[in-house]
Structure formats: C-alpha cells, structure tokens
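# Fold and contact review
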Amino acid sequence: MFNRTRRTRKDENIRSLVRETRLSVDDLIYPIFVVEGVGIKEEITSLEDNYRYSVDMLDEIIKEVEDLNIRGVLIFGVPEYKDECATSAFDENGVVQRAVKKIKEISNLYVITDVCMCQYTSHGHCGIIEGNDIDNDKTLEYLAKIALSHAKAGADMVAPSDMMDGRVKFIRRMLDENGYKNVAIMSYSAKYASSFYGPFREAADSKPQFGDRKSYQMDYCNIREAMREIEYDIEEGADIIMVKPALSYLDVIRQARDKFNHPIAAYNVSGEYAMVKAAEKMGYVDGEKIMMEILTSIKRAGADIIITYHALDVARKIK
Ligand code: PBG
Ligand code: ZN
C-alpha cells in the first residue's frame, strides 16, 4: 500500500473540487494612466494593450472595467509640467484630480490614486532634493498635500509609493484633520529598487534624471527589512499593505501573510507584464496560460489583492 495523490488529479471535476487557490475578478485592481490634453488614447509601447488617456477619453475604458466587474482602478498621472517640487501633483485642476472627479461621476468604481512625486518633478525623483540627497521630512509635507488634493477630488483610497519614512502617519494626519477620516491608505510598504519598473517609467515619463532610487526604495536582497517596513506602516495607520514587485518577491508576500493580519496587495509590475507579452510574441510561451499561472502564484503566496495590467484579460477569461 502507498499513497495515491493522483486519485484527486484524475479529471477536471475532482481537480476542481480539491483546488486550493482561485483567482477571482474581485481580487483585481486595474492601473490607468491619465495624461493632460484632449482626445488622447495612445498605446503605451512597452505595455501592449494599455493606453494613456486624456480625461475626456476615459468613458470607454471605465465602462469596460465596470462591465467586467473589476472593482477598483489605480490612477497614475502624466502631467503637463514638471518642477523641483512637483507643483502639478497637488494642483486641484491637475490631471489626476480631474480624472478622479470624472470617474466618480460616471461610475461606481473604487478609485485609488498613486501618491508620489516622480512624474511631477523635473529631476524625476520621488521627493524634494536637497544637495545630492532627498530631504525626507520636507517631502512628507508635499506627499500629504498631494494625498489631500486626491481626497478632495473624491478618491476612495490613496496609495503612497515614494518610500519615504513616516509618510503614512503624515498622510493619515492630514486626511483626518481635513475631514477625510474615511479615505483609506494603501501603502507601498515593501517596495524594492527594481529593474522591473522599466516600462512604467516610459509610460509615466518618470525616470530619475540622475542617480537611482536606492536610497529610498529597498535593496532586493532583504526580507527582514521588508517586515519592518510593513510593521511601521501598520503602526502609522495603513489600511492595506503592499509588496512590489510581485513575481520575484513571492517569498516576501508569503512571509507578510504569515506575520500580519492586514490585507495584502501585490503589484504585478510593468516589467513582469512586458516580459510575458514579449515571450508570447516570440512564440516561446502561451501568454494567456502564463498569465493565469503567474497571477495564481501571487494569490497562492498570500496576496488578497493583485494590481495588474492583465486585469481586463483575466477578467474576460474567468468571468
Ligand atoms: C512611482 C511608481 C513606480 C511604479 C509605481 N509607482 C515606478 C518607480 O518607482 O520608479 C512602478 C509600477 C510598474 O512598474 O508597473 N513611484
Ligand atoms: Zn515615485
């Protein structure tokens, strides 16, 4: 006698009955890039099937997202002008602020905004530059201002992605003091300095003009440090914590799941998406199957929420 695990793999009926992890449309958040201007819907070269939209062109994609029963979108802005301190990021008529207003008007979607400075600064860094470094504490005041302007526009949740110390606390306090107690914070808690962000930086025009982001984003060799980042963000009031990127960081997701009781989001980032699309185009892999396998692995690792450029494709497949 020996154990026969193959019995429960015999056919699709029994495989489905014993299946441990299921991807659901309810898990997905779709990132959308909004750009200044009118009449714009331009494909992002490195992010096939994803576009930059001007605010007036959002109707179609928002309807599509809603029709597929995807619950949330994450908004990234591509502004018209950049300066040293990201003024266009907290302009009440800025591109994100107008996009949020519009999406809340035309849909019931849950609207999340990325809170950062890199698309809006002339130097492309995620904070205020002092000499050769980022002034962490000065940056916090700007981040809080940006978050507040998004809340005023109607955002349901703000998502700081800058990796400065103390930002969750600062943003929470600013929101509370201004009557936005119910606006939630999803913190990019364990965000690594990663080469997987390449296509995004093209999409959002947010490349650092000098140096790199290693003094604020995490060293990819570290996992204990990620647990500290998450712990601090939870102490400061984050409602959802995030691990980013996802695929090369499944161990980080798993450890966070085992250690903390907060909802965990994983960001299946631009480079992860672009590699699947490129390999598919070359005929090396079945793109749709690879997509399902990757996203399921992120869920199996312990993520509750997956932010992904594949969202529409997955939703079409599993709905
Ligand atoms: C901005 C930001 C980045 C991403 C999300 N917000 C890029 C970066 O930190 O350089 C990456 C998302 C992706 O690659 O899909 N701070
Ligand atoms: Zn940034």
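Just so we're clear, the structure is a prediction, and the values are computed from it rather than from any experiment. (Residues numbered from 1 in each chain as written. Chains lettered and ligands numbered in written order. Predicted model: local features only at pLDDT ≥ 70, side-chain atom pairs only at ≥ 80, totals over all residues. Heavy atoms only, no water.)

## Comments concerning the coordination of the zinc ion (ligand 2)
Protein coordination of the zinc ion (ligand 2) is provided by Cys-116 (SG), Cys-118 (SG) and Cys-126 (SG), with donor distances spanning 2.2 to 2.3 Å. Taken together, the four donor atoms coordinating the zinc ion (ligand 2) and their angles of 98 to 124° define a geometry best described as tetrahedral. Summarised as a motif, the one-chain spacing of the donors to the zinc ion (ligand 2) is C-x1-C-x7-C. Note on accessibility: Cys-116 and Cys-118 belong to one class, buried. (Donors = N, O, S within 2.8 Å, 3.2 Å for Na, K, Ca; no water. Tetrahedral: all angles 85-135°; square planar, octahedral: opposite > 155°, others 65-115°. Buried < 20%, exposed > 50% of the residue type's maximum accessible area, 1.4 Å probe, protein only.)

## As for empty space enclosed by the protein
Under the definition given, this model contains one cavity of 30 Å³ or more. Approximately 150 Å³ is the volume attributed to the largest cavity. Elements with a contribution of two residues or more to the lining of the largest cavity: strand S9 (184-191) and helix H6 (198-204). Residues that form the lining of the largest cavity fall into these classes: nine nonpolar, five polar and five charged. (1 Å grid on protein atoms, 1.4 Å probe; cavity = no way out; pocket = protein on both sides within 12 Å on 5 of 7 lines; lining within 4 Å. Points joined across faces, edges and corners; volume = space filled by probe spheres on them. Helix = DSSP H or I, 4+ residues; strand = E, 2+ residues; numbered from the N terminus. Nonpolar A, V, L, I, M, F, W, Y, C, P; charged D, E, K, R; others polar.)

## Observations concerning the side chain of Asp-162
Position of Asp-162 among the secondary structure elements: in the loop between strand S8 (157-160) and helix H5 (167-177). Here Met-164 takes part through its backbone nitrogen, which lies 2.7 Å from a polar atom of the side chain of Asp-162. When neighbours within four sequence positions are excluded, Asp-162 is seen to be in contact with Val-115, Cys-116, Cys-126, Leu-143, Arg-167 and Tyr-216. (Polar contact = N/O pair within 3.5 Å; in protein donor to acceptor, adjacent residues only side chain to side chain. Contact = heavy atoms within 4.5 Å.)

## Section: the pattern of salt bridges
Within this structure, the stated rule accounts for 24 salt bridges. The salt bridge partner of Arg-19 is Glu-12, with a shortest N-O separation of 3.2 Å. Given a relative accessible area of 36%, Arg-19 falls into the partly exposed group. Overall, Glu-12 belongs to the partly exposed group, its relative accessible area being 42%. Residue Asp-313 pairs with Lys-277 through a salt bridge whose shortest N-O separation is 3.7 Å. Taken together, the residues span a long stretch of sequence, with Asp-313 in helix H11 (residues 311-318) and Lys-277 in helix H9 (residues 270-281) at a distance of 36 residues. On the accessibility criterion, Asp-313 (24% relative accessible area) is partly exposed. (Salt bridge = Lys/Arg side-chain N within 4 Å of Asp/Glu carboxyl O.)

By themselves, these figures tell us nothing about what the structure is for.
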